[in-house]
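# A structural walkthrough
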Amino acid sequence: DTEVTQTPKHLVMGMTNKKSLKCEQHMGHRAMYWYKQKAKKPPELMFVYSYEKLSINESVPSRFSPECPNSSLLNLHLHALQPEDSALYLCASSHHHLTGTAGEKLFFGSGTQLSVL
Amino acid sequence: QQPVQSPQAVILREGEDAVINCSSSKALYSVHWYRQKHGEAPVFLMILLKGGEQKGHDKISASFNEKKQQSSLYLTASQLSYSGTYFCGTEPRAAGNKLTFGGGTRVLVKP
């Protein structure tokens, strides 16, 4: 199994809703990532988990709350989002967190297309 | 800081060649190349770790000039399946092991 699976594929939510995005991989990878991608823009790093611990938080607003329950799962909890948060949210994984010399490659999921009304 | 990619877009006929460039203002550990088709996940193409290193995947190859912090992706004898947006990702030596993507190059290969 060389896939990163994200659910749901599409999500529409109001600004007062609470929802969660889910990501799962069974490749034994110990690093997992959340990226945000606006239309016709590159993916932008949000969070990195390494061995189930939050390693990098790119100053993301607190209305986004990541969680890594175990080495295979990654969640992104959403609360009180703004319309400008509408985007494609991509999950990725790699064997280990980038170290600069190990040549880690990222495996991406197909993403959750989020619309905030 | 985001690496700079050029050109922003390129249109090719099947069988033609193209070069996509990626440059960074910072010293780099590595350069990654990914391709994303519309509505799909970005897919890893290759990673370059050492200055001067060249790697190839089918008829897609890349080089890395460590001194200039530049990488180029070469699409040779392009096929229809090469269409998509190509992103370079750079891992700066001083950036805490983060992969930052360039703005992307949209490639359209026509029959």
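What counts, and where the lines are drawn
- Residues numbered from 1 in each chain as written.
- Chains lettered and ligands numbered in written order.
- Predicted model: local features only at pLDDT ≥ 70, side-chain atom pairs only at ≥ 80, totals over all residues.
- Heavy atoms only, no water.
- Helix = DSSP H or I, 4+ residues; strand = E, 2+ residues; numbered from the N terminus.
- Rg over C-alpha atoms; globule rule 2.2 N^0.38 Å.
- Buried < 20%, exposed > 50% of the residue type's maximum accessible area, 1.4 Å probe, protein only.
- Contact = heavy atoms within 4.5 Å.
- Areas by Shrake-Rupley, 256 points an atom, 1.4 Å probe, with all protein chains shown as cover.
- Lys, Arg positive; Asp, Glu negative; His and termini not counted.
- Charge placed at Lys NZ, Arg CZ, Asp CG, Glu CD.
- Salt bridge = Lys/Arg side-chain N within 4 Å of Asp/Glu carboxyl O.
- Buried area = accessible area lost by both parts, 1.4 Å probe.
- Polar contact = N/O pair within 3.5 Å; in protein donor to acceptor, adjacent residues only side chain to side chain.
- Nonpolar A, V, L, I, M, F, W, Y, C, P; charged D, E, K, R; others polar.
- Disulfide = S-S within 2.5 Å.
- Core = buried A, V, L, I, M, F, W, Y, C linked by side-chain atoms within 4.5 Å.

Okay, the overall build of chain A next. In terms of regular secondary structure, chain A is built from zero helices and 11 strands. Ordered by position in the sequence, the α and β elements of chain A form the string β-β-β-β-β-β-β-β-β-β-β. Over its C-alpha trace chain A gives a radius of gyration of 14 Å, about what one expects of a compact globule, namely 13 Å for 117 residues. When its C-alpha atoms are laid out on the principal axes, chain A stretches across 40 × 30 × 30 Å. With 117 residues in all, chain A has 47% of them scored as buried. Put simply, of all contacts in chain A between residues at least 6 apart along the chain, 56% involve residues at least 24 apart. Here chain A has roughly 5600 Å² of accessible surface; of this, 50% comes from carbon and sulfur atoms. Where the 12 positive side-chain charges of chain A centre and where its 10 negative ones centre are 6 Å apart.

Per the counting criterion, the structure on display carries four salt bridges over all chains. For Glu58 of chain A, the salt bridge is made with Lys98 of chain B, and the minimal N-O distance between the two is 2.7 Å. Within this pair, whereas Glu58 of chain A is found in the loop between strand S6 (53-57) and strand S7 (64-70), its partner Lys98 of chain B is found in the loop between strand S9 (84-92) and strand S10 (100-101), the two belonging to separate chains. Given the relative accessible area of 24%, Lys98 of chain B is considered partly exposed.

So, about the interface of chain B and chain A. Taken together, the 20 residues of chain B in the interface contact 23 residues of chain A. Interface area for chain B against chain A, summed over the two sides, is near 1700 Å², with a carbon-plus-sulfur share of 63%. On the surface where chain B and chain A come into contact, there are one salt bridge. Here chain B and chain A share four residue pairs in polar contact (both at pLDDT 80 or more) between them. Going through the elements one at a time, strand S4 (28-36), strand S5 (42-48) and S9 of chain B are the ones with two or more residues in the side of chain B that touches chain A. Of all the elements, S4 of chain B adds the most residues to the side of chain B that touches chain A, at four residues. Residues that form the side of chain B that touches chain A fall into these classes: 10 nonpolar, seven polar and three charged.

Residue and element names in this part refer to chain B. One can find Ser72 in strand S8 (residues 70-75). With relative accessibility at 13%, the residue Ser72 sits in the buried group. Within the structure, Ser72 has its side chain in polar contact with the side chain of Asn21 (distance 2.7 Å). With residues up to four places along the chain from it excluded, the contact list for Ser72 reads Val19, Ile20, Asn21, Trp33, Ser61, Ala62 and Ser63.

Now for the state of the cysteines. Enumeration according to the criterion identifies two disulfides over all chains in this entry. A disulfide bridge connects Cys22 of chain B with Cys88 of chain B, and the sulfur atoms are separated by 2.1 Å. The chirality of the disulfide connecting Cys22 of chain B with Cys88 of chain B is right-handed, given an S-S dihedral of about 70°. Residue Cys22 of chain B is found in strand S3 (residues 18-23), and its partner Cys88 of chain B is found in strand S9; the two are separated by 66 residues along the sequence. Exposure class is identical for Cys22 of chain B and Cys88 of chain B. Each is buried. This cysteine, Cys68 of chain A, is not joined by any disulfide, and Cys91 of chain A carries the nearest cysteine sulfur, 9.2 Å off. Accessibility expressed as a relative area gives 13% for Cys68 of chain A, which makes it buried.

This brings us to the nonpolar core. Residues and elements named next belong to chain A. Of all hydrophobic cores here, the largest spans 23 residues; its most connected members are Trp34, Phe64, Leu76 and Leu78. Of all the secondary structure elements, the ones that give two or more residues to this core are strand S2 (10-13), strand S3 (18-25), strand S4 (31-37), strand S5 (44-50), S7, strand S8 (73-79), strand S9 (87-94) and strand S11 (112-116). Other than its neighbours up to four places away in sequence, Leu76 contacts Lys19, Ser20, Leu21, Trp34, Met46, Phe47, Phe64, Ser65, Pro66 and Tyr89.

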